[in-house]
2 protein chains.
Amino acid sequence: MQIAIALYDRFTALDAVGPYETLGRIPDSETVFVAEQAGPVRTDNGQLALTAAKTFADVPHPDVVVVPGGPGQAAQMTNAALLDWIRAADATSTWTTSVCTGSLLLAAAGLLGGRRATSHWLALDELRGFGVEPTGDRVVLDGKYVTAAGVSAGIDMGLTLIGRISGDAVAQAVQLGIEYDPQPPYDAGSPQKAPAEVVDLLRSTSRFILGAEPPT
Amino acid sequence: MQIAIALYDRFTALDAVGPYETLGRIPDSETVFVAEQAGPVRTDNGQLALTAAKTFADVPHPDVVVVPGGPGQAAQMTNAALLDWIRAADATSTWTTSVCTGSLLLAAAGLLGGRRATSHWLALDELRGFGVEPTGDRVVLDGKYVTAAGVSAGIDMGLTLIGRISGDAVAQAVQLGIEYDPQPPYDAGSPQKAPAEVVDLLRSTSRFILGAEPPT
């Protein structure tokens, strides 16, 4: 089974690494990082690069498509090279997935019309513009389309999908292997749970999303 | 504030990316990935590389040291280049941290003697050989040393440390920014919680740890 994770300039690292660190542990699977050009691709804050091993053209028929999100997603909404690859790969994929604002790229590729999907909580409403029904669920399955909420939700998405692909025991083994027994020191991971002033801070500036300066 | 994350051959990606995606969002911080040589460094399964921007020599005095774990840790236990850098960086660091079996590298560098620390659950007992008291806690603070349990625990460690460095509101903002509201589809993330047969599977083969073939 081939899993292709798409990279593009200013993606968010954990959006890609969460699915990689879960789906990539499916026995006898191969995970390939793909991008418009092979080589290092910079993350949102510019302080890390992940290597794309192959170009989109090299990986036309993955079984699982993973599209991460991040501040760079906006610039990709009109990038035919990425959107065409997503559409073509989706035509033969078993599962087409996204993390965070990656769902907006699936939507822009025309794959989610009339479906339910999720995204980063700050971007959820943007799905409506593509005829997609947003849901605040952390992982949303609609047919072969699996979308995850913001950034860290790709881990939960990966485990959910392993359960569908390989069964509960394999998914549990992967969870135990990565010791995913989350114990966050705060309960502020969703806008419903975080203090109002923290929610307001993130609504007023994407500094913590960007890992960089607020937008001008 | 400078955060240095050490990379070495066959580290586990999420061990490094969890702290990066949390600590790296501290306002006005700089995160630098460092290794013996600058350039791409391969992860445990060989299917991904992260770029080390700098060499150890380039980053002698980070404020926060992060040492990830992974199957490659064993080969690093006698690598003077890495251990000397850890020791030297620790001499002036404010915080010295590890994820997963990275704590064994801190221990091998002589930093944890007489202290409490944690590691991946499969490696916990190995800490005793270095005069370190293992604890099954997910994040362990002992003085300026902060160790996290396996792989995904680096996210919890990062948020905990942000709270100490920048206060609760910043840590909560980062948690909300990465939408860390974990909802794993199984409750199998620790050996106390996972089904016995899943625990036995991981004890008998490190396939799910390695993301590759079982050891011979």
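Residues numbered from 1 in each chain as written. Chains lettered and ligands numbered in written order. Predicted model: local features only at pLDDT ≥ 70, side-chain atom pairs only at ≥ 80, totals over all residues. Heavy atoms only, no water.

**Observations concerning the interface of chain A and chain B**
In plain terms, the rule: Contacts are assigned to residue pairs with any non-hydrogen atoms lying within 4.5 Å of each other. Buried area: the sum, over both parts, of the accessible surface (1.4 Å probe) that disappears when the two are put together. Each salt bridge in this description consists of a side-chain nitrogen of Lys or Arg and a carboxyl oxygen of Asp or Glu lying within 4 Å of one another. Every helix listed is a DSSP run of H or I at least four residues long, and every strand listed is a run of E at least two residues long, numbered separately from the N terminus. All amino acids are sorted into three groups, where Ala, Val, Leu, Ile, Met, Phe, Trp, Tyr, Cys and Pro are nonpolar, Asp, Glu, Lys and Arg are charged, and the leftover types, Gly among them, are polar.
On the chain B side, the residues contacting the 69 residues of chain A number 70 residues. Summed over both partners, the interface of chain A with chain B comes to about 6000 Å²; 57% of that surface belongs to carbon and sulfur atoms. Between B:Asp44 and A:Arg25 there is a salt bridge, with the nearest N and O atoms lying 4.0 Å from each other. Taken together, the elements giving at least two residues each to the side of chain A that touches chain B come down to helix H1 (13-23), strand E2 (30-35), strand E4 (49-52), helix H5 (153-166), helix H6 (168-177), helix H7 (196-204) and helix H8 (207-210) of chain A. Here the side of chain A that touches chain B takes ten residues from H6(A), the largest share from any one element. Residue classes in the side of chain A that touches chain B are distributed as 37 nonpolar, 19 polar and 13 charged.

**A look at the relation of the copies chain A and chain B**
Cut-off, in case you're wondering: All copies are superposed by least squares; the fitting set is the C-alpha atoms of residues with a pLDDT of at least 70 in both.
It takes a turn of 180° to lay chain A on chain B, together with a shift of 0.0 Å along the axis; the resulting RMSD is 0.0 Å. Given the turn and translation reported, the copies of this chain are related as if by a two-fold rotation axis. When each C-alpha of chain A is compared by its distance to the rotation axis, A:Leu50 comes out closest, at 2.3 Å. Same-surface contact between copies: 100% of interface residues of chain A are shared with the interface of chain B.

**A few points about the pattern of salt bridges**
How we decide: Whether a residue is buried, partly exposed or exposed follows from its accessible area with a 1.4 Å probe, protein chains only, as a fraction of its type maximum: under 20%, in between, or over 50%, in that order.
Scanning the entire structure with this criterion turns up 15 salt bridges over all chains. Notably, a salt bridge pairs A:Arg25 with A:Glu21, separated by 3.0 Å at the nearest N-O pair. Exposure class is identical for A:Arg25 and A:Glu21. Each is buried. Between A:Lys193 and B:Asp181 there is a salt bridge; the shortest N-O distance is 2.6 Å. With A:Lys193 in the loop between H6 and H7 and B:Asp181 in the loop between helix H6 (168-177) and helix H7 (196-204), this residue pair bridges two chains. The class of A:Lys193 is partly exposed, set by a relative accessible area of 40%. Connected through shared salt-bridge partners, A:Glu21, A:Arg25 and B:Asp44 make up one network.

**Digging into unusual backbone geometry**
Among all residues except glycine, the phi angle is most often negative; among peptide bonds, the trans geometry is most common. With phi around 45°, A:Glu179 is a residue other than glycine that occupies positive phi space. With a phi angle near 40°, B:Val151 is a residue other than glycine that sits in the positive phi range. Counting through the fold element by element, B:Val151 comes out in the loop between strand E11 (145-148) and helix H5 (153-166).

**Observations regarding the packing of H6(A) against H7(B)**
Using the following cut-off: Fitted lines through C-alpha atoms serve as axes, helices being fitted only where they are in contact, and the angles separating the N-to-C directions of these axes extend from 0 to 180 degrees. What sets the label is the angle itself: under 35 degrees gives roughly parallel, over 145 gives roughly antiparallel, 65 to 115 gives roughly perpendicular, and the rest give oblique. By definition, turning the near helix anticlockwise from the far helix through less than a right angle yields a left-handed crossing, and turning it clockwise yields a right-handed one.
At a minimum axis distance of 9 Å, the contact between H6(A) and H7(B) shows a crossing angle of 60°. Comparing their axes, H7(B) and H6(A) come out oblique. You can see that H6(A) and H7(B) cross each other, and the crossing is right-handed. Residues A:Ala169, A:Gln172, A:Ala173, A:Leu176 and A:Gly177 of H6(A) pack against B:Val198, B:Val199, B:Leu201 and B:Leu202 of H7(B). Residues belonging to the contact of H6(A) with H7(B) are distributed by class as follows: seven nonpolar, two polar and no charged.

**Comments concerning the environment of B:Ala169**
Residue and element names in this part refer to chain B. For Ala169, the position within the fold is in helix H6. Residue classification places Ala169 among the partly exposed residues on the basis of a relative accessible area of 46%. For the pair Ala169 and Met1, spaced 168 residues apart in sequence, the C-alpha separation works out to 18 Å.

**A short note on H7(B)**
An α-helical turn contains 3.6 residues, so any two residues separated by three or four positions project in the same direction. Residues and elements named next belong to chain B. Condition: Think of it as the arc spanned by the lines of direction from the helix axis to the C-beta atoms.
Turning to H7, its buried residues are Val198, Val199 and Leu202. Down the axis of H7, the buried set is contained in an arc of 100°. They therefore lie on one face. For H7, the exposed residues set more than 90 degrees away from the buried face come down to Ala196, Glu197, Arg203 and Ser204.

**A short note on the packing of aromatic side chains**
Residues and elements named next belong to chain B. The cut-off we apply is this: Two aromatic rings from Phe, Tyr or Trp, using only the six-membered ring of Trp, form a pair when their centres are within 6.5 Å; if the ring planes differ by under 30 degrees the pair is stacked, by over 60 it is edge-to-face, and anything between is tilted.
Overall, the coordinates contain four aromatic pairs over all chains when judged by the stated rule. For the ring pair Phe56 and Trp85, a centre distance of 5.0 Å and an interplane angle of 20° mean the geometry is stacked. Of the two residues, Phe56 sits in the loop between strand E5 (54-55) and strand E6 (64-67) while Trp85 sits in helix H3 (residues 80-92), which places them 29 residues apart along the sequence. For the pair Phe56 and Trp85, one class covers both residues: buried.

**Some thoughts on the confidence of the model for chain A**
All names here are of chain A. Let me state the cut-off plainly: The score called pLDDT rates the predictor's confidence residue by residue, from a low of 0 to a high of 100.
When pLDDT is averaged across chain A, the result is 94; 95% of the residues are at 70 or more. Within the model, the stretch residues 210-216 combines pLDDT values under 50 with twelve contacts to residues more than four positions away or in other chains. As scored by the predictor, the complex reaches a pTM of 0.95 and an ipTM of 0.95.

**Some details on the pairing of strand E1 (residues 2-6) of chain B**
Residue and element names in this part refer to chain B. In plain terms, the rule: At least two DSSP bridges between two strands are required for those strands to pair. Handedness of a crossover is defined as follows: with both strands directed away from the viewer, a clockwise route from the first strand across the helix to the second makes it right-handed.
Buried residues dominate E1, accounting for five of its five residues. Of the two faces of E1, the one holding Gln2, Ala4 and Ala6 and the one holding Ile3 and Ile5 are both buried throughout. In this sheet, strand E2 (residues 30-35) lies alongside E1 in parallel orientation, the contact comprising five bridges. If you follow Ala6 over to E2, its bridge partner there is Val34. Taken together, E1, helix H1 (residues 13-23) and E2 form a β-α-β motif whose crossover is right-handed. For E1 and E6, the ladder comprises three bridges, and the chain directions are parallel.

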